Amino acid sequence: MNEPILTKLYKNIEVKFFPESHICYINGERKTGVTTLIGIKDKSRPLIIWAVGLFRDYLYEKLGEGINEAHIEEGSKLHSVRKQEAATIGDEAHKWINKYIRGEKPEMPDNEAVIIAINAFLDWTKEHSIKFISSERIVYSKKHDYFGILDIEAMVDDKLCLVDIKTSNDLRNDIRMQTAAYVMADQEESKKKYAGRWAVRLAKETEDEFNSRMGKKGKTGIYRSFEVMFLDDHKLNLIDDFEAFLSCFTLYRCNRATEFYKP
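Model, not experiment: these values are computed from the prediction.

A word on the pairing of strand β1 (residues 5-9). Each regular strand displays side chains that alternate between the two surfaces of the sheet. Pairing of β1 with strand β2 (residues 13-18), which is carried by 5 bridges, proceeds in the antiparallel orientation. When the sheet's bridge partners are listed, Leu9 is paired in β2 with Ile13.

Take a look at the structure:
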């Protein structure tokens, strides 16, 4: 069931958000989300390299059996399967963390990768003085007309901060634009002043899986089940990151307005 979340922003703006489809209506009009707008940024090269690498490694494993049409079909779809698995890990970890933030006592899941992510998050909360204020909260910018889902609002070491959690193998610079968009939208409505943004990466792989992945690339590295980065060590970081987001917004709108030119 994709039951909508109904709320009000700016005291009189009606919001209807469908969490499963991530569709949002503001006063009855469908709006575009932050992640969709940033999606105009080309990330195809690393994804192509990753997908081709999966296919290559799969075929290498099947060489001894004699590669047939079934292997080719299965290997060509492997990237979609792995992507869905990763999404499931991230979803489960986020759901557990959100329950924890709301003061519930969720049971640990059975999935080892999800447990790794959760334990890494809990370790971070013990290293800092953290008071959670809200999570998974809808924000909207009237000025720029976009919406987003703010991961976590918290007092971190007595400073108001936004915390964004990613379950992935690496932290990418998209998180800078994404979190800047959330902060600016929330500040526009609430007039709060955030002291900074935290990017938290939770590993979705074990150390053995990491070493295997790096070995296939002919590389070495240090396994980190948890990575955290403070994004605002300079006061201009937020402004620069928001300008980059607005550039994506402009490009997205231009692309949508001229789609009829595509062959």
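Attention shifts here to helix α6 (residues 174-190). Relative to the 24 Å expected for 17 residues at 1.5 Å per residue, α6 spans 25 Å between its end C-alpha atoms, a close match to the ideal helical length. With 12 of 17 residues buried, α6 is to be regarded as a mostly interior element. Listing the buried residues of α6 in full gives Asp174, Ile175, Met177, Gln178, Thr179, Ala180, Ala181, Tyr182, Val183, Ala185, Asp186 and Gln187. On its buried side, α6 packs onto α1 (34-38), β5 (130-141), β6 (146-156), β7 (159-167), β8 (196-202) and α8 (237-257). Residue Lys191 follows α6 closely and has a positive phi angle near 70 degrees.

Right, let's get into the nonpolar core. Ile97, Phe121, Ile152, Val163, Ile165 and Leu202 are the most contacted members of the largest nonpolar core, which totals 23 residues. Mapped by element, the contributors of at least two residues to this core are α4 (78-101), α5 (112-127), β6, β7 and β8. Sort the elements by how many residues they give to this core and α5 lands first, with 8 residues.

Attention now goes to the packing of aromatic side chains. Tallying each qualifying case throughout the model produces 14 aromatic pairs. Measuring from ring centre to ring centre gives 6.5 Å for Tyr100 and Phe132, while their planes differ by 80 degrees; the resulting arrangement is edge-to-face. With Tyr100 in helix α4 and Phe132 in strand β5, this residue pair connects regions lying 32 residues apart in the sequence. By relative accessible area, which is 22% here, Phe132 ends up partly exposed. Lying across the ring of Phe249, Arg253 places its NZ or CZ 4.5 Å from the centre.

Conventions used here
- Residues numbered from 1 in each chain as written.
- Predicted model: local features only at pLDDT ≥ 70, side-chain atom pairs only at ≥ 80, totals over all residues.
- Heavy atoms only, no water.
- Pairing = 2+ DSSP bridges.
- Helix = DSSP H or I, 4+ residues; strand = E, 2+ residues; numbered from the N terminus.
- Expected span 1.5 Å × (residues − 1).
- Buried < 20%, exposed > 50% of the residue type's maximum accessible area, 1.4 Å probe, protein only.
- Contact = heavy atoms within 4.5 Å.
- Core = buried A, V, L, I, M, F, W, Y, C linked by side-chain atoms within 4.5 Å.
- Phe/Tyr/Trp six-rings, centres within 6.5 Å; stacked < 30°, edge-to-face > 60°.
- Lys NZ or Arg CZ within 6 Å of the ring centre and 35° of its normal.

Any functional reading would require information that these geometric values do not contain.
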